[in-house]
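If you want the building blocks of each chain, they are given just below.
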Amino acid sequence: MLSRWTNSHHDQENDPHQAELKVNELKDAIGPLSGRSLQFCTNACFRRYLEARNWNVEKSKKMLEETLKWRSTFKPEEIQWNEVAIEGETGKIYRANFHDRNGRSVLILRPGMQNTTSMDNQMRHLVYLLENAILNLPEGQEQMSWLIDFTGWSITNNVPIKSARETINILQNHYPERLAIAFLYNPPRIFEAFWKIVKYFLDAKTFQKVKFVYPKNKDSVELMRTYFDEQNLPKEFGGKALLNYDYEEFSKMMTQDDVKSAALWGLDIKLQQAGNGFSGAEVAPEPVCLAPAAS
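The rules behind the values
- Note on numbering: residues in each chain are counted from 1, in written sequence order.
- A pLDDT threshold of at least 70 governs which residues receive local features in this predicted model, and a stricter bar of 80 or more applies before side-chain atom pairs are shown or counted, although totals over entire chains, interfaces and linings include all residues.
- Excluded from the side-chain calculation are hydrogens and water; included are all heavy atoms of the structure.
- The method works on a 1 Å grid over the protein atoms by themselves. A cavity is a set of points holding a 1.4 Å probe that cannot get out, a pocket is an open set with protein on both sides within 12 Å along at least five of seven lines, and residues with an atom within 4 Å of a point line them.
- Grid points are joined across faces, edges and corners, and a volume is the space filled by probe spheres set on the points.
- Numbering of helices and strands runs from the N terminus; a helix is a DSSP stretch of H or I covering at least four residues, while a strand is a stretch of E covering at least two.
- Aromatic contacts are taken between Phe, Tyr and Trp rings whose centres are within 6.5 Å, Trp giving its six-membered ring; a plane angle under 30 degrees counts as stacked, one over 60 as edge-to-face, and the others as tilted.
- Only protein chains enter the accessibility calculation, which uses a 1.4 Å probe; a residue whose area is less than 20% of its type maximum is buried, one above 50% is exposed, and one in between is partly exposed.
- The arc in question is traced by the directions running from the helix axis to the C-beta atoms.
- It only takes one pair of heavy atoms within 4.5 Å for two residues to be counted as in contact.
- In protein, a polar contact requires one atom able to donate a hydrogen and another able to accept it; more generally it is a pair of N or O atoms within 3.5 Å, and residues adjacent in sequence count only if both atoms are side-chain atoms.
- Residues belong to a common nonpolar core when they are buried Ala, Val, Leu, Ile, Met, Phe, Trp, Tyr or Cys residues joined through side-chain atoms within 4.5 Å.
- Each residue gets one label: Ala, Val, Leu, Ile, Met, Phe, Trp, Tyr, Cys and Pro are nonpolar, Asp, Glu, Lys and Arg are charged, and the others, such as Gly, are polar.
- Only strands joined by at least two bridges in the DSSP assignment are considered to pair.
- Here the axes come from fitting lines to C-alpha atoms, over the contacting stretch only for helices, and the angles between their N-to-C directions go from 0 to 180 degrees.

- Labelled according to an unreviewed UniProt entry, the protein appears under the name CRAL-TRIO domain-containing protein, originating from Lithocarpus litseifolius.

Notes on the layout of surface pockets
So, point 1. The volume enclosed by the second largest pocket comes to roughly 300 Å³.
So, point 2. Considering the residues around the second largest pocket, the lining is formed by 18 residues, among which Y94, A96, N97, N244 and Y245 are closest to the centre.
So, point 3. Among the elements of the structure, β1 (93–95) and α12 (247–265) are those that each provide at least two residues to the lining of the second largest pocket.
So, point 4. It is α12 that provides the largest number of residues to the lining of the second largest pocket, a total of 3 residues.

A word on the packing of aromatic side chains
So, point 1. Enumeration according to the criterion identifies 21 aromatic pairs in this entry.
So, point 2. Relative to F74, the ring of W70 has its centre 4.9 Å away and its plane inclined at 25°; by these criteria the two rings are stacked. Of this pair, W70 and F74 are both found in helix α5 (residues 57–74), 4 residues apart, which corresponds to roughly one turn of the helix.
So, point 3. Assessed through its relative accessible area of 14%, W70 is described here as buried.
So, point 4. Residue classification places F74 among the partly exposed positions, given a relative accessible area of 21%.
So, point 5. Through a chain of ring-to-ring contacts, three or more aromatic side chains come together here, namely F150, W153, F191, F194, W195, F207, F212 and Y214.

Re helix α11 (residues 218–227)
So, point 1. Among the residues of α11, S220, V221, M224 and Y227 are the ones counted as buried. The arc enclosing the buried residues of α11, seen along the axis, measures out at 115°, which places them on a common side. Those residues of α11 that are exposed and aimed more than 90 degrees away from the buried face are K218, D219 and T226.
So, point 2. Structurally, α11 contributes buried residues whose contacts are with β3 (144–149), β4 (179–185) and β5 (210–213).
So, point 3. Measuring from the side-chain oxygen of the N-cap residue of α11 to the backbone nitrogen of D219 gives 3.0 Å; that N-cap residue is N217.

Here's the deal with the nonpolar core
Nonpolar side chains in soluble globular proteins tend to be buried together.
So, point 1. If you look at the biggest cluster of nonpolar residues, it comprises 54 residues, and the most contacted ones within it are I108, L130, W146, L147, M224 and F228.
So, point 2. Sorting elements by how many residues they give to this core places helix α7 (residues 119–135) first, with 7 residues.
So, point 3. Discounting residues that sit within four places of it in the chain, M224 has contacts with L147, F183, Y185, V213, L233 and F237.
So, point 4. Listed in part, the 19 residues of the second largest apolar core include C41, A52, L68 and L267.

Remarks on helix α9 (residues 191–198)
So, point 1. Where α9 is concerned, the buried positions are F191, F194, W195 and V198. One side of α9 carries all its buried residues, which in axial view fall inside an arc of 100°.
So, point 2. Check the buried side of α9 and you find it contacts α8 (161–174), β4, α10 (204–209) and β5.

What to know about empty space enclosed by the protein
So, point 1. Counting across every chain of the model gives 2 cavities of 30 Å³ or more.
So, point 2. Lining the second largest cavity are 14 residues; nearest its centre among them are Q172, P176, E177, T206 and K209.
So, point 3. Those elements that place two or more of their residues in the lining of the second largest cavity are α8 and α10.
So, point 4. In terms of residue count, the dominant contributor to the lining of the second largest cavity is α10 (3 residues).
So, point 5. The class makeup of the residues in the lining of the second largest cavity is 6 nonpolar, 2 polar and 6 charged.

Section: the sheet that holds β4
So, point 1. Spatially, 5 strands are ordered β1-β2-β3-β4-β5 in an open sheet, and the strand pairing comes out mixed. Either end of the sheet is taken by a strand with one partner, and the two such strands are β1 and β5. Strand after strand, the sheet turns through a mean of 20° between neighbouring axes, direction not considered.
So, point 2. Taken together, the 5 bridges between strand β2 (residues 105–109) and β3 define a ladder with parallel strand orientation. Following the sheet pairing, L109 is matched in β3 by I148.

In structure tokens, the structure reads:
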């Protein structure tokens with residue numbers, strides 16, 4: 001029975017016609033959409049939700065509806081750099097200036113650099129950077145890679161279980177199939193206790209994407225090299241590049257990306273920056289045709 005199920009699941013992934021039928025089925029199940037929900041729900045988006053739920057239309061529908069509800073209240077596309085910039089001062093999470101070998105955006109996470117205490121704001125910062133990584137994906141690429149550097153991480157400044165859980169929750173439930181791989185580089189022994197708890201929050205698919213890399217373990221280093229060119233990879237991850245997080249430079253880049261993102265979502269960025277508490281985006285925006293939607 002299991003092998004039959006696995007085969008049918010496999011067919012969907014490999015047979016474009018089967019996949020298209022499922023996408024159309026999910027579209028029908030979700031029903032008519034408007035505004036930003038319509039813009040969010042591209043064919044590629046439907047596919048990701050189907051993949052995350054093993055092509056089960058009913059489960060994918062439930063998952064996607066939860067996300068649409070979450071997006072309508074959290075409004076990830078409206079968060080701007082100036083609202084989360086304080087979180088970015090130490091470079092605890094930032095988008096790297098290189099892509100992996102498959103052209104994916106790369107997020108570098110340095111939990112040892114935690115500098116704030118408000119979990120709500122930390123999550124807004126994370127979501128902002130997830131959206132930014134997606135904004136900077138090349139055409140046809142849907143996924144990003146994570147590099148996690150444990151330099152300076154100790155049990156005193158560690159990520160509380162609560163925020164680790166919330167991070168996983170956001171990533172798994174609202175950004176399904178966006179993570180290609182996450183490399184945890186040389187975590188200290190003490191991390192193992194933390195990991196034992198955290199891994200219970202991961203679904204099987206996400207769990208398989210998390211890889212531990214130890215400099216003395218050749219296989220793990222080799223695996224990482226299949227994803228990254230060591231010329232790009234910072235020394236902290238066993239590569240040859242210098243990891244230089246420049247807060248001012250990064251802020252400039254994010255502010256420019258905010259303009260790109262606002263144009264993409266049809267937001268009036270000037271009204272938001274006036275900081276009057278109103279986003280100015282409630283007025284239905286003119287449709288913006290920047291690039292043809294992924295079909």
